[in-house]
Amino acid sequence: MRAALTLAALLGAAGITHFARPRPYDAIVPRSLPGPARAYTYASGACELLLAAGLAHPRTRRAAGLAAAGFFVAVLPANVQMAVDWRHASPAKRAIAWGRLPLQVPLVWWALRAARR
């Protein structure tokens, strides 16, 4: 249960930042997607908030955990876009951008673990 609630808190905080400070998220939306980047920023933020709520409730935890694992896979292209865009940035920014890519693996694992509980 602790894994699910901690992941819910992380997703909830991330979801809130999509609405409070959307510009950094807009910048990493892959340009190949149709429509305005802000729509994807808000949609992913809303998804994170819904996933957080689902993980927090025992009756919906399994479905939300599986959906969160899928979500983490689905947002991987945004992380790739960030790494490509920041390839000429400062070493610190490059480290952040490239560090996010392998971080998706433990996030998927964490979500699947929360789904099992």
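The preceding data block contains the structure.
Residues numbered from 1 in each chain as written. Predicted model: local features only at pLDDT ≥ 70, side-chain atom pairs only at ≥ 80, totals over all residues. Heavy atoms only, no water.

**Q** How should the overall build of the protein chain be read in this particular structure?
**A** A tally of helices and strands in the protein chain yields six helices and zero strands. Moving toward the C terminus, one meets the helices and strands of the protein chain in the order α-α-α-α-α-α. Here the C-alpha radius of gyration of the protein chain, 14 Å, is about what a compact globule of 117 residues would show, namely 13 Å. The principal-axis extent of the C-alpha atoms belonging to the protein chain is close to 45 × 25 × 20 Å. A burial count over the protein chain gives 35% of its 117 residues as buried. (Helix = DSSP H or I, 4+ residues; strand = E, 2+ residues; numbered from the N terminus. Rg over C-alpha atoms; globule rule 2.2 N^0.38 Å. Buried < 20%, exposed > 50% of the residue type's maximum accessible area, 1.4 Å probe, protein only.)

**Q** Explain helix H6 (residues 91–116) to me, please; I cannot follow it from the model alone.
**A** An α-helical turn contains 3.6 residues, so a residue and the one three or four places further along point in the same direction. Its 26 residues place the ends of H6 38 Å apart at the C-alpha level, agreeing with the 38 Å of an ideal helix rising 1.5 Å per residue. Roughly 35° is the biggest bend found in H6, and it falls at Leu101, with proline Pro102 one to four residues downstream. Among the residues of H6, those classed as buried are Ala97, Leu101, Gln104, Leu107, Val108, Ala111, Ala114 and Ala115. Elements that come into contact with the buried residues of H6 comprise helix H1 (2–20), helix H3 (37–56), helix H4 (61–74) and helix H5 (76–85). (Expected span 1.5 Å × (residues − 1). Bend = angle between axes of the 7 residues up to and from the residue. Contact = heavy atoms within 4.5 Å.)

**Q** Would you explain the packing of aromatic side chains in this entry?
**A** Pairs of aromatic rings are described using the distance from one ring centre to the other and the angle between the two planes. According to the stated counting rule, one finds two aromatic pairs in the structure shown. Measuring from ring centre to ring centre gives 6.0 Å for Phe71 and Phe72, while their planes differ by 65°; the resulting arrangement is edge-to-face. (Phe/Tyr/Trp six-rings, centres within 6.5 Å; stacked < 30°, edge-to-face > 60°.)

**Q** Quick question: what am I supposed to make of a nonpolar patch on the surface here?
**A** On the surface, Ile16, Phe19, Tyr42 and Leu49 cluster together to form a nonpolar patch covering roughly 350 Å² of accessible area. Contributing elements (two or more residues each) for the nonpolar patch: H1 and H3. Mapping Leu49 onto the fold places it in helix H3. Leu49 sits in the partly exposed class, given a relative accessible area of 33%. (Patch = residues over 30% accessible without salt bridge, like charges linked within 9 Å, V, L, I, M, F, W, Y side chains within 5 Å. Areas by Shrake-Rupley, 256 points an atom, 1.4 Å probe, with all protein chains shown as cover. Salt bridge = Lys/Arg side-chain N within 4 Å of Asp/Glu carboxyl O.)

**Q** Quick question: what am I supposed to make of the packing of H1 against H6 here?
**A** Think of two packed helices as two axes; the pair is described by the angle between the axes and how far apart they sit. Their axes nearest at 8 Å, the elements H1 and H6 cross at an angle of 130°. Taken together, H1 and H6 sit at an angle that is classed as oblique. Seen from above, H1 lies across H6 with left-handed handedness. Contacts between H1 and H6 involve Ala3, Ala4, Thr6, Leu7 and Leu10 on the former and, on the latter, Leu107, Trp110, Ala111, Arg113 and Ala114. Here the contact of H1 with H6 is built from residues that sort into eight nonpolar, one polar and one charged. (Axes fitted to C-alpha atoms, helices over the stretch in contact; angles between N-to-C directions. Parallel < 35°, antiparallel > 145°, perpendicular 65-115°, else oblique. Left-handed = near helix turned anticlockwise from the far one by under 90°. Nonpolar A, V, L, I, M, F, W, Y, C, P; charged D, E, K, R; others polar.)

**Q** Is there a simple way to think about the nonpolar core in this case?
**A** One recurring pattern in soluble globular proteins is that nonpolar side chains are buried together. Counting residues in each nonpolar core, the largest one holds 16 residues, and the members touching the most others are Leu7, Leu11, Leu51, Leu55, Ala68, Phe72 and Ala111. The set of elements that each furnish at least two residues to this core consists of H1, H3, H4 and H6. Counting residues per element, this core draws most heavily on H4, which supplies five residues. Other than its neighbours up to four places away in sequence, Ala68 contacts Leu11, Leu51 and Ala111. (Core = buried A, V, L, I, M, F, W, Y, C linked by side-chain atoms within 4.5 Å.)

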